[in-house]
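Survey of secondary and tertiary structure
The residues making up each chain are set out below.
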Amino acid sequence: EAQVTQNPRYLITVTGKKLTVTCSQNMNHEYMSWYRQDPGLGLRQIYYSMNVEVTDKGDVPEGYKVSRKEKRNFPLILESPSPNQTSLYFCASSLGLSGAWYNEQFFGPGTRLTVL
Amino acid sequence: AQSVTQLDSHVSVSEGTPVLLRCNYSSSYSPSLFWYVQHPNKGLQLLLKYTSAATLVKGINGFEAEFKKSETSFHLTKPSAHMSDAAEYFCVVSDLKDKIIFGKGTRLHILP
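Residues numbered from 1 in each chain as written. Chains lettered and ligands numbered in written order. Predicted model: local features only at pLDDT ≥ 70, side-chain atom pairs only at ≥ 80, totals over all residues. Heavy atoms only, no water.

This paragraph deals with the sheet that holds strand β3 (residues 19–25) of chain A. Overall, antiparallel pairing links the four strands, which are arranged β1-β3-β8-β7 (chain A) in an open sheet. Lying at the two open borders of the sheet, with one neighbouring strand each, are β1 (4–7) and β7 (65–66) of chain A. (Pairing = 2+ DSSP bridges. Helix = DSSP H or I, 4+ residues; strand = E, 2+ residues; numbered from the N terminus.)

Let us now look at the state of the cysteines. All names here are of chain B. A full pass over the atoms with the stated rule returns two disulfides over all chains. Here C23 is linked by a disulfide to C91, with a sulfur-sulfur distance of 2.0 Å. Classification of the bridge connecting C23 and C91 rests on its S-S torsion, roughly -70 degrees, and on that basis the disulfide is left-handed. With a gap of 68 residues between them, C23 in strand β4 (residues 23–26) and C91 in strand β10 (residues 87–94) connect regions that are remote in the sequence. Given a relative accessible area of 0%, C23 falls into the buried group. For C91, a relative accessible area of 0% translates into the label buried. (Disulfide = S-S within 2.5 Å. Buried < 20%, exposed > 50% of the residue type's maximum accessible area, 1.4 Å probe, protein only.)

Okay, here's the thing in structure tokens:
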């Protein structure tokens, strides 16, 4: 089954304790992205990757890191989490660009993170 | 710089009546436009997308949207609302600068 998986689905942690949220897709997609969703703000892009070893900042990258060593995986790293990073996080993947047009994204189920 | 504005944060309609969710965008390039739906405690699902073919785009579950370049709008409509349509809807714009911008969402309430 074509899908985007995220782990863990729920995480409660404390300020300053490094954590990684994994994201994996099995559709051979080139484009992958991380978003955070906060009430009243919609989804905001944290980082995205157009292909292996190519990553770039989205609108809210502060406090996050990513890497893209393999096509299928795009982990999100919080080196020193803070309470303002408490949020619902979504990973997404897509075929990327077809000519001048974007293909649709496929979303993971979400990771609910609480930082105390 | 591109942006997207969903004009209503909440919309309430009665079951069986038409739905209109409004979205305006701004983009320096020819944009790709999308509508996604998020049901409570679920992930996001694509409803429909516009990528320069027909300006009237049909999606899943009876939804459609019309791209109007002169009005920079991409409003989502459905002729007859169903209880299962209650969800949050996001308008999304992407352009060749690789940025993907989500609107803040419109929560659709269906009244029995």
